[in-house]
Amino acid sequence: MADTLRLEIVTPEGNVYSDDVEMVTLPGVVGQFGVYPQHVPVTTQMIPGEIIVHKDGHDLFVATGEGLIEVTARRVSVLTDLAVAADRIDEAKAEEARRRAEARLREKLSDEEIASTNASLARSLAQLHVKRRQHR
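Residues numbered from 1 in each chain as written. Predicted model: local features only at pLDDT ≥ 70, side-chain atom pairs only at ≥ 80, totals over all residues. Heavy atoms only, no water.

Novice: Requested: an account of helix H1 (residues 91-105), with residues and values cited.
Specialist: Within an α-helix, residues lying three or four positions from one another point in the same direction, as the helix has 3.6 residues per turn. With 15 residues, H1 ought to run about 21 Å at 1.5 Å a step, and its terminal C-alpha atoms sit 21 Å apart, in line with that. Buried within H1 are the following residues: Ala-94, Glu-95, Ala-97, Arg-98 and Ala-101. Projected down its long axis, H1 shows its buried positions confined to an angular sector of 160°, all on one face. The exposed set on the far side of H1, more than 90 degrees from its buried face, consists of Ala-92, Lys-93 and Arg-100. (Helix = DSSP H or I, 4+ residues; strand = E, 2+ residues; numbered from the N terminus. Expected span 1.5 Å × (residues − 1). Buried < 20%, exposed > 50% of the residue type's maximum accessible area, 1.4 Å probe, protein only. Arc of directions from axis to C-beta.)

Novice: Can you break down the environment of Thr-64 residue by residue, with the values?
Specialist: Take Thr-64: it is sitting in strand E7 (residues 58-64). Residue classification places Thr-64 among the buried positions, given a relative accessible area of 0%. Non-local contacts of Thr-64, meaning those with residues more than four positions away in its chain, are made with Pro-27, Met-46, Ile-47, Pro-48, Gly-49, Glu-50, Ile-51, Thr-80, Leu-82 and Ala-126. (Contact = heavy atoms within 4.5 Å.)

Novice: Give a detailed account of the pattern of salt bridges, specifying residues and quantitative values.
Specialist: All told, the structure shown has 7 salt bridges when counted by the stated rule. For Asp-20, the salt bridge goes to Arg-6, with nearest N and O atoms at 3.4 Å. You can see Asp-20 sitting in strand E2 (residues 14-21) and its partner Arg-6 sitting in strand E1 (residues 5-11), a full 14 residues away along the chain. The shortest N-O distance in the salt bridge between Glu-96 and Arg-100 comes to 3.8 Å. Of the two residues, Glu-96 and Arg-100 both sit in helix H1, 4 residues apart, roughly one turn of that helix. Classification of Glu-96 by relative accessible area gives partly exposed; the value is 33%. By sharing partners, the salt bridges in this structure join Arg-6, Glu-8, Asp-20 and Arg-75 into a single network. (Salt bridge = Lys/Arg side-chain N within 4 Å of Asp/Glu carboxyl O.)

This is the structure in structure tokens:
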């Protein structure tokens, strides 16, 4: 169809999402951006946040970690370390992970440990944001 584009979201565990969609909003390194069919080609880094998939008049919210985004006129490919749909997020576990990461950051850590802990914190916050948005 001319009014859709193919969205593929892949994590190390496998293909998380693959379908034709009307629009997708992505958390790029320079800010959130929307992609419609016939978008200009772009490749960019993705930051932890949320992907909003618009299909058949409904929005699906997906918490994401860091990754890469490739956009063509007919396809959006996302390779990320985390992709969890809002209805599959365990809010209590995400909140606990956030608390652990924040406690860890108060410790004396190496630069590498700080980066890793910050990444964990960002993934937890993305999940909490997406899950809590679903309750609105």
